[in-house]
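Secondary and tertiary structure notes
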Amino acid sequence: MLYGMTTMNYQAVKNTFESEVAEEFLEWFGEYMPCDANELEEDDLNEEFINEKYNTLVEQECDCQVFTNNNLTIYLEMEKMVCKEWEDQMGEPYTERGLVKIVGLWKYYVASNYISENYQDLKDHYDNSSEEQD
């Protein structure tokens, strides 16, 4: 986890977080796969993962400061993304503010978008690594 580096920018934070999401999804998928994954559609499986890992996540303000490198520019980029996603999905402006709320919702949206866009690649990676272990 590189969040404490002083030279990190928004894109670096996003890329690092997406890598962590991929790792967590593969681990979660491996635990989930044997019993229920075959019975669920891709969207349902993605939603299950996102809700379990990110929808209930409540962090402390100090953790959020470390995550954003206490960088106002990174926070403002996150806020901009959250407001746009919220308005696109809900049809109304997002009016909440605050570091913890913005970072939490940003993580939810970024993880959700990443899994939706990369589901097949992640599943293929899981399938290939499972075959190598057999």
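Quick summary incoming for the structure in this document. All residue numbers refer to positions counted from 1 along the written sequence of the respective chain. Totals for whole chains, interfaces and linings use every residue, but because this is a predicted model, local features are given only for residues with pLDDT of at least 70 and side-chain atom pairs only at 80 or more, for both listing and counting. Values shown for side chains rest on all heavy atoms present in the structure; no hydrogens or waters enter the calculation.

Moving on: unusual backbone geometry. Negative phi characterises most residues that are not glycine, and trans characterises most peptide bonds. Unlike most non-glycine residues, Asn-69 shows phi in positive territory, near 60 degrees. Even without glycine at this site, Asn-70 takes up a positive phi of about 50 degrees. Under the scheme used here, helices are H or I runs from DSSP no shorter than 4 residues and strands are E runs no shorter than 2 residues, and both carry numbers assigned from the N terminus. For Asn-70, the position within the fold is in the loop between α3 (61–67) and α4 (72–90). Each residue is placed in one exposure class: buried if its accessible area under a 1.4 Å probe, protein chains only, is under 20% of its type's maximum, exposed if it is over 50%, and partly exposed if it falls in between. Exposure remark for Asn-70: the relative accessible area of 61% places this residue in the exposed category.

Once that is clear, we can look at the pattern of salt bridges. Any carboxyl oxygen of Asp or Glu that lies within 4 Å of a side-chain nitrogen of Lys or Arg is treated as forming a salt bridge with it. Under the criterion given, the structure shown has five salt bridges. In this structure, the salt-bridge partner of Arg-97 is Glu-79, at a minimum N-O distance of 3.0 Å. Of the two residues, Arg-97 sits in the loop between α4 and α5 (99–133) while Glu-79 sits in helix α4, which places them 18 residues apart along the sequence. By relative accessible area, which is 41% here, Arg-97 ends up partly exposed.

With that settled, consider the packing of aromatic side chains. Within a pair of aromatic rings, the relevant descriptors are the distance that separates the centres and the angle that separates the planes. Pairs were defined over the aromatic rings of Phe, Tyr and Trp, the Trp ring being its six-membered one, requiring ring centres within 6.5 Å. Orientation was assigned from the angle between planes: stacked under 30 degrees, edge-to-face over 60, tilted for the rest. Within this structure, the stated rule accounts for 13 aromatic pairs. Ring centres of Phe-17 and Tyr-54 lie 5.7 Å apart, and the angle between their planes is 75 degrees; on these two criteria the pair is classed as edge-to-face. Highlighted residues: Phe-17 in helix α1 (residues 10–32) and Tyr-54 in helix α2 (residues 42–55), separated in sequence by 37 residues. With centroids separated by 5.0 Å and ring planes inclined at 90 degrees, the aromatic side chains of Phe-25 and Phe-49 adopt a geometry described as edge-to-face. Here the residue Phe-25 occupies a position in helix α1, and Phe-49 occupies one in helix α2, the gap between them amounting to 24 residues. As far as burial versus exposure is concerned, Phe-25 and Phe-49 are alike and both buried. Grouped by ring-pair contacts, the aromatic residues Tyr-10, Phe-17, Phe-25, Trp-28, Phe-29, Phe-49, Tyr-54, Phe-67, Trp-106 and Tyr-119 constitute a single cluster. Either the NZ atom of lysine or the CZ atom of arginine qualifies as a charge over a ring when it sits within 6 Å of the ring centre and within 35 degrees of the ring normal. Taking the ring centre of Phe-67 as reference, the NZ or CZ of Lys-107 above it sits at 4.3 Å.

Examined against the element boundaries, Glu-59 turns out to sit in the loop between α2 and α3. Using a relative accessible area of 17% as the deciding quantity, one classes Glu-59 as buried. A polar contact is formed between the side chain of Glu-59 and the side chain of Lys-107, at a distance of 2.4 Å. When neighbours within four sequence positions are excluded, Glu-59 is seen to be in contact with Cys-64, Val-100, Val-103 and Lys-107. Two N or O atoms count as a polar contact when they lie within 3.5 Å, although within protein this holds only if one can serve as hydrogen donor and the other as acceptor, and sequence-adjacent residues are included solely when both atoms are side-chain atoms. Note on contacts: a residue pair is in contact if any heavy atoms of the two residues lie within 4.5 Å.

Any link to function would need more than the numbers given here.
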